[in-house]
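One letter stands for each residue in the lines below.
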Amino acid sequence: DIPALPIVTGQELTDRLLALCGRDESAVQYVADRPGHDRRYSVDCSKLRGLGWAPAHDFEEGLARTVAVLTVLLAGAFWFTTQPAPPEARPPSEP
């Protein structure tokens, strides 16, 4: 794993994802924490940065790009039905 900055809470990430997906808080189903559930995940990327690595996108842009790609891929679930996939979900090689 390579860490993303800035550090955000689970709720902040949820809020950003909801906004990117055009959904509101009613789309969230809260559940009780699992016993032994980690409160925070942390990865140190100082060695990577020391080798000259830097992220290609900032957190907000990367999150938005990820949501956009997943939206198209999930629209591809049409490929598993008898309905033809909508044009925006078809691979470039399909007419």
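Use the structure listed above.
As a starting point, this report considers the structure included with it. (Residues numbered from 1 in each chain as written. Predicted model: local features only at pLDDT ≥ 70, side-chain atom pairs only at ≥ 80, totals over all residues. Heavy atoms only, no water.)

### Quick notes on the pattern of salt bridges
Piece 1. By the definition in use, this model includes 2 salt bridges.
Piece 2. For Arg16, the salt bridge identified is with Glu60, shortest N-O distance 3.1 Å. Residue Arg16 is located in helix H1 (residues 10-21), and its partner Glu60 is located in helix H3 (residues 59-75); the two are separated by 44 residues in the primary sequence.
Piece 3. For Arg16, a relative accessible area of 24% puts it in the partly exposed group.
Piece 4. Owing to a relative accessible area of 40%, Glu60 belongs among the partly exposed residues under this scheme.
Piece 5. For the salt bridge of Glu61 with Arg65, the shortest nitrogen-to-oxygen distance reads 3.9 Å. One end of the pair is Glu61 and the other is Arg65, both in helix H3 and 4 residues apart, which spans about a single turn. (Salt bridge = Lys/Arg side-chain N within 4 Å of Asp/Glu carboxyl O. Helix = DSSP H or I, 4+ residues; strand = E, 2+ residues; numbered from the N terminus. Buried < 20%, exposed > 50% of the residue type's maximum accessible area, 1.4 Å probe, protein only.)

### Considerations on H1
Piece 1. Helix length check: H1 (12 residues) gives 16 Å between terminal C-alpha atoms against 16 Å at 1.5 Å per residue, within 8%.
Piece 2. Where H1 terminates, the next one or two residues include Gly22, which has phi positive at roughly 65 degrees. (Expected span 1.5 Å × (residues − 1).)

### Here's the deal with H3
Piece 1. The end-to-end C-alpha separation of H3 is 24 Å, in line with the 24 Å expected for 17 residues at 1.5 Å each.
Piece 2. Those residues of H3 that fall on the buried side of the exposure criterion are Phe59, Leu63, Val67 and Ala75. Down the axis, H3 shows its buried residues gathered within 130 degrees of arc, on one side only.
Piece 3. Buried residues along H3 sit against H1.
Piece 4. The opening residue of H3 is Asp58, an N-cap whose side-chain oxygen sits 3.3 Å from the backbone nitrogen of Glu60. (Arc of directions from axis to C-beta. Contact = heavy atoms within 4.5 Å. Polar contact = N/O pair within 3.5 Å; in protein donor to acceptor, adjacent residues only side chain to side chain.)

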